[in-house]
Amino acid sequence: MVELVWLIPALPLIGFLILLLVGSRIGEPRAGWVATTAAAGSFLAAVVVLAGLLGKDAHSGDRSYELVLFQWLPSGSLKVEAGFLVDPLSITMALFVTGVGALIHLYSIGYMHGDPKYSKFFLYLNLFLFSMLMLVFGNNLVVTFLGWEGVGACSYFLISFWHRRESAATAGKKAFVTNRVGDWGFMVATFAIWSALGTVTYTEIASSPAMSAAAGTAVSLLLFVAAAGKSAQLPLYVWLPDAMEGPTPVSAMVHAATMVTSGVYLLVRMNGLLTDDALLVIAVIGAATALFAALSAVAQHDIKKVLAYSTISQLGFMFLAIGSGAYVAAIFHVITHAFFKALLFLGSGSVIHGMHDEQDMRKMGALRALMPITAGTFIVGWLAIAGVPPFSGFWSKDEILLAAWEQKNIGPLLWFVGLVTALLTAYYMTRQVILVFFGEQRWDEDVHPHESSWTMTLPLCLLAGAAIVGGGINLPLVKEWLVLEHFLEPIFAHPHHFSSGTSTKVVLAVISVVIGVLGITIATLAWLFRRIPTEQLEPEFLENAMYVDSTYARVVSGPGTSSFQKAADFDKGVVDGAVNGVGAAVRKLGQLIQPAQSGYMRNYATGVAIGALMILVVLAWGLLL
Amino acid sequence: MIQALAAQTEASFPVLNALIIVPIVGALVVTLLPKSRPELMRPVGAIFSAIAGALSLYVMAEFSISQSDFQFQSIQSWIPSLGINWHVGVDGISLWLVVLTGLITPLVLVAVDPHHDPKPYTAWLLLLQAGSFGAFMALDLFLFFVMFEIVLVPMYMLIGGWGYDDRRYAATKFFLYTMAGSALMLVAIVSVATLSAGDQGITFSVIELAERQALSTNTARLCFLAFALAFVIKVPIFPVHTWLPDAHTQAPTAGSVVLAAVMLKLGTYGLMRFGLYLFPEASVWAAPTLATLGVVGVIYGAIVATMQKDLKRLVAYSSVAHMGFIVLGIFAFTTQSLEGGVLQMVNHGISTGALFLLVGMLYERRKTRAIDEMSGIQSAAPIFAGFFTLVMLSSIGVPGLNGFVGEFLVLIGSYDTRRWWTIVAATGVILAALYLLWAYQRVFHGEPTSEDEKTQDLTLKEGLILAPFVAAIVFLGLYPKPLLERIEPAVEELIAHLEIHSDYVQPQLGDPVVLEENHHQDSHAGEDDH
């Protein structure tokens, strides 16, 4: 059954091709159903492949299956295959990508209702899903790069979907170009790996002897540059908040649940190459990103911007886990985050839909009675991300904090930063829930909020279910319950084990629960009961995300543009100017000596005479010497 | 037709000669057609051009994968006293450029309406095709020089006769600039032939001269520089590139397409065939400089492209960037970098050719090439925008499309011999996204003005013209193997030739056993830099 892996990406590709050829003819809603069927079929295929994989022995290396379709780039000793690798990591990624993806397809049928480019939207969604699955299943770095760039291109199409709007067009371009900075890292890392190990295929990389320490660290950091671009880490995160210009299902799927986790996937996939020095850098940047983005989320007014910064922050958590060597914790959080963040984004989409495209939380409030399903499921997502047990987010976040605590250089510091982030997360999510669903009604009289159709609420309910029980795939209570950890174990060069005793674990878990409750309490006092003056809680500095993005923008449009313009002027004035100068000089010279060709015999005769005289002088000179 | 040819004995039919002669006959036929029937000119020309295209496909089909030397060779004595022969042949390096020349010309003849004087227009394009075939297939230096110069005339006429407002300036600049570059090459050709004569007698045969390697080191280096100057102007690389934006912008669409797809390749092809092959030691000696200029072109071309206000100029500068990759690949001397270079020559021809066609179609609709005079075209012409997007992504180098495979092979191949060059050149991928997406946003995104609103979407005829380009973009992006396996033997042969005649040794990559030695070879490659 594992051999059916090709079906998983093939189905969305077929959906894409159908929509490309007849999409606008079959129109709404059939185009949506075609795409959704393809995505759902892809999920079923992934389940079948998982069943096949589970049927094989866990420890003999059988759970790694390669399917090579053809030679893609054979050149000398370089062999790049178009091939798939099925192993516990890729199938785990594929399951939630297709599962959450299919639900978001379904949701979009209702959300995109009435859009003039309805079928185009689903065409891009299917192409995105295909690319994401190529990224996950590629058996070598270059096929993964194909998916990597493919999701980047689809992300560009989807962010700038409403391209008549200048801001959407700009955001799409910004996402693509910023991602390309990361892609540079990906490419150079690929070159370096091939140069050192002579292969770009994952299984061969895994069995290669180690690189030198310096080369290993360089490769690790280059891979992290790639990951930081795709997964929106400092300093390359700036495209993600702007990506909210796309339709909300896109934010949910591409920019929260799936694509942005591909950086995490890449580093986990390459875990055998990552050196300790590089891991420390990754942990520090991950923690810094988590804190920075959480602080920025605190003061946002746009319902989607809060979630966007929250996504960056949670991705920071995942990199903190990787940097601490806890790869399973990172993947665990990728999965639970996919559930609750997709849920939150789709919930926000339902709110925006019901509020007739209003995104400012200051014009919401008291919506829970009018949108009971949206409110109920959103609250589940909130409890999950805030780290309230037994919701899924608690388990994965707790594992990351524990891993950070055990990090061998600066563990307690990393743990503390993570803890502060957890506090902020609980706070800003509570603030959001209160501003949207509780308190007094702040919308205009002519707005009539309403609950969304079943195609939108059904995915919300299913995702809410997953967000509640999702932690169950890796419960730390009993060793046998660590299903995910045991399943993923074969892919790690150095399996990670927690060293802390049970008492430490319990104390840390209690602290993180208390912190979560504290965040919720502060937010409730401030925003529901208005016991704390809220004016100071939204400082401009944080609302503008510490002015990082606007500083970038100023540099790009100021010195950046003017230096490019100087280069263009240099080309025109100096390089081409020199060419034209030579041309002009030749013409001048011609004019200068033109009088010599006067046509008068006597002038020529004089010239001949002078010439002859000069020759004589020279000859005489020679003789004399 | 093809079967009829195949029925004859392969060796006896001089198919390569036919490739050159058919378009010339076509040009003669077109000139003899009555002037009162202008509608006949392009169809008749396209038929002859397509016959040549079909012949080039026959050459491709019959080309033997396992052979590394020249195939389909044909030799006729031309000027016996000087050892000059009409000698043509193809190997894996020239094969795909011949096919590209064969297919692009008929497409362009069908695609682009010159609006006036179709008779000379068609005839010049046919001569351009014949000359390009000749230059790519010539195995005699004298023959090559004749062909290399001949192609200047039709292009000069096309730019000057059917171009835009500044066509005279651009045509003259193009002609004088490239002519000046090749003047020294003629001196070098004569020098190489006479100085290599020795006891064996004078010859202009490329194969023979490459084997003899009779020149002293310094003479060879001087001759190499003279050849290289002619070729780098043609490529063009920084800082001798400024004829290109003018020529491209002022040329009619057909001229731009053929210029980008075929003529620029004469430069990079020349560097491989006559630079590396005739002067291996000098090539290794000059490699750091030329690789540097290539990389400068990648970055500089992209930066200058970003700031262009004219869409055609922007594409022209993007050519400087893309061709820079090829130059880097050539002077990195590895199997992957050279194969990638050849592949990139073909792919750049397809992508940039298609891009110029699209810009031409846009000009027909909007009568402007100025980026800031257009807006929101995607809303008015979504299918046209879709085609443009695909070609743009190909040019940006998104994997799965053809632009990626060549550049990727160039870069991965150059990493071991030219590490820092490669790391810098790879930033070109960021800039490529920047200049194309920014231009796309300004032209296609946003609200259309009332003028833009009326932009007609892609017509069926235009779709059919673009279809082969799109098919090639996708097919070559996913399955370049048929090209690579035909290119490889010739490239391996060329590298072996370099290793025999210089102290260059291709690093044995990736063999973990020699990991330590790799280090040693790195420092060795460093010594070559002096």
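Chemist: Account for the overall build of chain A, with residues named and values stated.
Modeler: When helices and strands are counted, chain A shows 22 helices and 2 strands. C-alpha atoms of chain A, sized along the principal axes, occupy 110 × 65 × 55 Å. Counting all 625 residues of chain A, 59% fall into the buried class. Relative to all contacts within chain A whose residues are 6 or more apart in sequence, the contacts with residues 24 or more apart total 80%. In chain A, 34 side chains carry a positive charge and 39 a negative one; their mean positions are 8 Å apart.

Chemist: An account of the environment of A:Met355 is requested, with residue identities and associated values reported.
Modeler: Residue and element names in this part refer to chain A. Turning to its location among the elements, methionine 355 is positioned in the loop between helix H13 (327–354) and helix H14 (372–385). Note: C-alpha distance between methionine 355 and histidine 450 (95 residues apart in sequence) is 7.4 Å. Apart from residues lying up to four places away in sequence, methionine 355 is in contact with Lys363, Met364, Leu367, Met371, Trp443, Val447 and Pro449.

Chemist: Hey, could you go over unusual backbone geometry for me, with residue numbers and the actual values?
Modeler: Phi is mostly negative for residues that are not glycine, and the peptide bonds are mostly trans. Residues and elements named next belong to chain A. With omega at -5°, the peptide bond leading from glutamate 28 into proline 29 counts as cis. Position of proline 29 relative to the elements: it lies in helix H1 (residues 7–54). Cis rather than trans, the peptide bond between leucine 234 and proline 235 has omega equal to 0°. The topology assignment puts proline 235 in the loop between helix H7 (213–230) and helix H8 (239–242).

Chemist: Let's hear about the packing of aromatic side chains: which residues, and what values?
Modeler: Both the distance between ring centres and the angle between the ring planes are used here to describe each pair of aromatic rings. Scanning all chains against the criterion turns up 52 aromatic pairs over all chains. With a centroid separation of 4.8 Å and an interplanar angle of 45°, the aromatic rings of A:Phe145 and A:Phe186 are classed as tilted. Here the residue A:Phe145 occupies a position in helix H4 (residues 141–159), and A:Phe186 occupies one in helix H5 (residues 166–197), the gap between them amounting to 41 residues. Here the two residues A:Phe145 and A:Phe186 agree in accessibility, since each one is buried. Residue placement shows B:Arg365 over the ring face of B:Phe384; its charged tip is 5.1 Å from the ring centre.

Chemist: Which residues make up the packing of helix H15 (residues 335–366) of chain B against helix H18 (residues 402–414) of chain B, and what values do they have?
Modeler: How two helices pack is summed up by the angle between their axes together with the distance between the axes. Residues and elements named next belong to chain B. Packing of H15 against H18 brings their axes to within 7 Å, and their N-to-C directions diverge by 155°. When the axes of H15 and H18 are compared, the pair comes out roughly antiparallel. You can see that H15 and H18 cross each other, and the crossing is left-handed. Of the residues in H18, those in contact with Gln336, Ser337, Gly340, Gly341, Leu343, Gln344, Asn347, Ile350 and Ser351 of H15 are Asn402, Gly403, Val405, Gly406, Glu407, Leu409, Val410, Ile412, Gly413 and Ser414. Grouping the constituent residues of the contact of H15 with H18 by class yields 6 nonpolar, 12 polar and 1 charged.

Chemist: Give me a nonpolar patch on the surface: which residues, what numbers.
Modeler: Residue and element names in this part refer to chain A. On the surface, a nonpolar cluster with roughly 450 Å² of combined accessible area is contributed by Leu518, Ile522, Leu525, Leu528, Phe529 and Ile532. With respect to the helices and strands, isoleucine 522 occurs in helix H19 (residues 502–528). For isoleucine 522, a relative accessible area of 33% gives the class partly exposed.

Analysis parameters
Residues numbered from 1 in each chain as written. Chains lettered and ligands numbered in written order. Predicted model: local features only at pLDDT ≥ 70, side-chain atom pairs only at ≥ 80, totals over all residues. Heavy atoms only, no water. Helix = DSSP H or I, 4+ residues; strand = E, 2+ residues; numbered from the N terminus. Buried < 20%, exposed > 50% of the residue type's maximum accessible area, 1.4 Å probe, protein only. Contact = heavy atoms within 4.5 Å. Lys, Arg positive; Asp, Glu negative; His and termini not counted. Charge placed at Lys NZ, Arg CZ, Asp CG, Glu CD. Phe/Tyr/Trp six-rings, centres within 6.5 Å; stacked < 30°, edge-to-face > 60°. Lys NZ or Arg CZ within 6 Å of the ring centre and 35° of its normal. Axes fitted to C-alpha atoms, helices over the stretch in contact; angles between N-to-C directions. Parallel < 35°, antiparallel > 145°, perpendicular 65-115°, else oblique. Left-handed = near helix turned anticlockwise from the far one by under 90°. Nonpolar A, V, L, I, M, F, W, Y, C, P; charged D, E, K, R; others polar. Patch = residues over 30% accessible without salt bridge, like charges linked within 9 Å, V, L, I, M, F, W, Y side chains within 5 Å. Areas by Shrake-Rupley, 256 points an atom, 1.4 Å probe, with all protein chains shown as cover. Salt bridge = Lys/Arg side-chain N within 4 Å of Asp/Glu carboxyl O.

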